[in-house]
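Each chain is listed here by its residues.
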Amino acid sequence: MEQIKVYIETTAESNIPRSGSSGAAGWDLIAAQDCIILPGQTKLIGTGIKTAIPAGYEIQIRPRSGLSLRTSLRIPNSPGTIDSDYRDEIKVIAQNIFKITDLPNLILFNSEIVEQLKKYQRIDGWTYFKKNNPNVDLTDVDFVKLKKQLKKISVYLDQAGYPFGTVKIKKDERFAQMVVAKYCLPQFKTVQDITLIGTDRGGGFGSTGNI
């Protein structure tokens, strides 16, 4: 198996990527600090590392399958690309795809959630909005229109005051993975008729009969 040198500058030894097994292609990335991602939010999670890799290689950022299965955390630009000439801290775009309004539908397929919610405090959406937007002019006509709609929404808060569906990433937790991959440098050349190059299979998006 080919090996290349990946130089790392880190704020702590615990931030260095870890391999789950000898045959693993992906190396787990470690959160450099706690990160709270509310339902619908997108945030950057810092890894505390900077890298230098040879030209002709890239670092691909991908989600961890277990975390994607257990939570609503997603990496929307997966695979993200870290170029060989990038020298700043690697930060991962993380998105919490859970929506507070999804809760009733979620309960339909997982009745155990009802038991979990007994440990949460229930408030309406308007109360939650006011609590988290203290500087907003609530007499504004647009907010007055939204008031009735928000009052119909139930928000369940945990003991720390975060709504159900919040993703909490702890410092030193493995939350994503990186793969070091080789790529080719393209040489673009314009032609008059691209169908004359190689074989033209004709169309896409199910054109071969496979949907």
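See the structure shown above.
Residues numbered from 1 in each chain as written. Predicted model: local features only at pLDDT ≥ 70, side-chain atom pairs only at ≥ 80, totals over all residues. Heavy atoms only, no water.

Enquirer: Could you clarify how one ought to interpret the pattern of salt bridges in this entry?
Expert: Opposite charge on two side chains lets them pair, provided their charged atoms get close. Under the defined criterion, the tally for this structure stands at 7 salt bridges. The shortest N-O distance in the salt bridge between Glu 2 and Lys 182 comes to 3.5 Å. Residue Glu 2 is found in the segment before strand E1 (7-10), and its partner Lys 182 is found in strand E14 (residues 174-182); the two are separated by 180 residues along the sequence. Like Glu 2, the residue Lys 182 is exposed in the burial classification. For Asp 158, the salt bridge is made with Lys 168, and the minimal N-O distance between the two is 2.7 Å. (Salt bridge = Lys/Arg side-chain N within 4 Å of Asp/Glu carboxyl O. Helix = DSSP H or I, 4+ residues; strand = E, 2+ residues; numbered from the N terminus. Buried < 20%, exposed > 50% of the residue type's maximum accessible area, 1.4 Å probe, protein only.)

Enquirer: Can you help me understand empty space enclosed by the protein in this one?
Expert: To find leftover empty space, a probe the size of one water molecule is rolled over the atoms. A full pass over the atoms with the stated rule returns 2 cavities of 30 Å³ or more. Of the volumes computed, that of the largest cavity is approximately 40 Å³. The greatest single-element share of the lining of the largest cavity, amounting to 3 residues, is contributed by strand E12 (residues 154-157). Space inside the second largest cavity adds up to approximately 40 Å³. Surrounding the second largest cavity, Pro 63, Arg 64, Leu 67, Ser 68, Leu 73, Arg 74, Ile 75 and Phe 175 form its lining. Contributing elements (two or more residues each) for the lining of the second largest cavity: helix H1 (65-70) and strand E8 (73-74). Broken down by class, the residue content of the lining of the second largest cavity amounts to 5 nonpolar, 1 polar and 2 charged. (1 Å grid on protein atoms, 1.4 Å probe; cavity = no way out; pocket = protein on both sides within 12 Å on 5 of 7 lines; lining within 4 Å. Points joined across faces, edges and corners; volume = space filled by probe spheres on them. Nonpolar A, V, L, I, M, F, W, Y, C, P; charged D, E, K, R; others polar.)

Interpretation note: all reported values are geometric properties and have no functional meaning in isolation.
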